[in-house]
Amino acid sequence: MVRKRLPFTNRVRELREAHGGMTQAELGDLIGVTRQTIAAIEKDRYSPSLESAFRISRVFGVELEEVFRWCDS
Amino acid sequence: MTFNEKSAWIMLAALLVSGLSYAGAVANLSADLGQLAPPSVPLLIKFTVVLILISIVGHALIAALRPGDTNDRLDEREQRVHDKAGNWSGIVLGFGVIAALVNYLAFGNADLLFYGVFASLFVAQLAEYVLQLAMTKLAS
């Protein structure tokens, strides 16, 4: 089964590690999703809801576009 | 693996064990009778009890191993997977029931109708758990 490629990428892992080495589980708890969902987001395998995307950016104190970037190619 | 994934595995195992043992018992009964055995309430009760027992024991085990996970609600990704799997399960059930009904119209065998509907329920539920696990794997 071929996975559909998401049209955007993200810096969640980079920002998470820059925030005192926050774990996936910790970030998941902060935004209300499982560790597995955070892992899937970081691997570009899952497209988070708008609410979760905003929650992630608020956790890191940055704008949404600094976390998620649309890929034109 | 989340609690919900473990739960799906347990229910899949419970369904397979109880379903296959039920099918085996019906097959043996039918072989003894020389024709399809009519649905048997004691066999159905046994199937239900086996299913419930495996489910309870399995869930108690995973809850005992990670008690903190048991109150986890489905997160957004899991909810989407559950909704999609449930949708497909409904389609499988629909096809199965229609096939059983058409079979009854063609052959008029009420016992076969019962088994057809029962099998559709079983297969639809199996499909739901298999799809939940497969879609969770694909989305991770």
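No experiment lies behind these values; they were computed from the predicted model shown.

On the side of chain A, 15 residues touch chain B, which itself brings 12 residues to the contact. Taken together, the two surfaces of chain B and chain A that pack against each other cover about 1,100 Å², and 48% of this comes from carbon and sulfur. Taken together, chain B and chain A are joined by zero salt bridges. On inspection of chain B and its partner chain A, the count reaches eight residue pairs in polar contact (both at pLDDT 80 or more). Listed by contribution, the elements that provide at least two residues to the side of chain B that touches chain A are helix 3 (76-107) and helix 4 (110-138) of chain B. Sorting elements by how many residues they give to the side of chain B that touches chain A places helix 3 of chain B first, with four residues. Looking at the side of chain B that touches chain A residue by residue, the class counts come to three nonpolar, two polar and seven charged.

Here B:Ser120 shows up in helix 4. Among all residues touching B:Ser120, those that are not within four sequence positions of it are B:Leu93, B:Gly96 and B:Val97.

Here we come to empty space enclosed by the protein. Residue and element names in this part refer to chain B. Under the counting rule described, the total for this entry stands at two cavities of 30 Å³ or more. Looking at the largest cavity, its volume works out to about 60 Å³. In terms of lining residues, the largest cavity is bounded by Thr2, Asn4, Glu5, Ala8, Glu78, Val81, His82, Gln132 and Thr136. Listed by contribution, the elements that provide at least two residues to the lining of the largest cavity are helix 1 (3-33), helix 3 and helix 4. Partitioning the lining of the largest cavity into residue classes produces two nonpolar, five polar and two charged. In this structure, the second largest cavity encloses a volume near 40 Å³. For the second largest cavity, the full set of lining residues is Ser21, Tyr22, Ala25, Leu43, Lys46, Phe47 and Val50. Sorting the residues of the lining of the second largest cavity by element identifies helix 1 and helix 2 (41-65) as the ones contributing at least two each. Per-element accounting of the lining of the second largest cavity gives the leading share, four residues, to helix 2. A breakdown of the residues in the lining of the second largest cavity according to their chemical character gives five nonpolar, one polar and one charged.

Moving on, we get to helix 3 of chain B. With 32 residues, helix 3 of chain B extends 46 Å between its outermost C-alpha atoms, agreeing within 8% with the 46 Å of an ideal straight helix rising 1.5 Å per residue. For helix 3 of chain B, the full list of buried residues reads B:Arg77, B:Glu78, B:Val81, B:Ala85, B:Ser89, B:Gly96 and B:Ala100. Elements in contact with the buried residues of helix 3 of chain B: helix 3 (35-42) of chain A together with helix 1 and helix 4 of chain B. The first or second residue beyond helix 3 of chain B is B:Gly108, which carries a positive phi of 65 degrees.

A separate point is unusual backbone geometry. Positive phi outside glycine occurs at A:Asp44, with the angle close to 55 degrees. Along the chain, the position of A:Asp44 falls in the loop between helix 3 and helix 4 (50-60).

Rules and cut-offs
- Residues numbered from 1 in each chain as written.
- Chains lettered and ligands numbered in written order.
- Predicted model: local features only at pLDDT ≥ 70, side-chain atom pairs only at ≥ 80, totals over all residues.
- Heavy atoms only, no water.
- Contact = heavy atoms within 4.5 Å.
- Buried area = accessible area lost by both parts, 1.4 Å probe.
- Salt bridge = Lys/Arg side-chain N within 4 Å of Asp/Glu carboxyl O.
- Polar contact = N/O pair within 3.5 Å; in protein donor to acceptor, adjacent residues only side chain to side chain.
- Helix = DSSP H or I, 4+ residues; strand = E, 2+ residues; numbered from the N terminus.
- Nonpolar A, V, L, I, M, F, W, Y, C, P; charged D, E, K, R; others polar.
- 1 Å grid on protein atoms, 1.4 Å probe; cavity = no way out; pocket = protein on both sides within 12 Å on 5 of 7 lines; lining within 4 Å.
- Points joined across faces, edges and corners; volume = space filled by probe spheres on them.
- Expected span 1.5 Å × (residues − 1).
- Buried < 20%, exposed > 50% of the residue type's maximum accessible area, 1.4 Å probe, protein only.

So, to be careful, I would describe these as geometric facts and stop short of saying anything about function.
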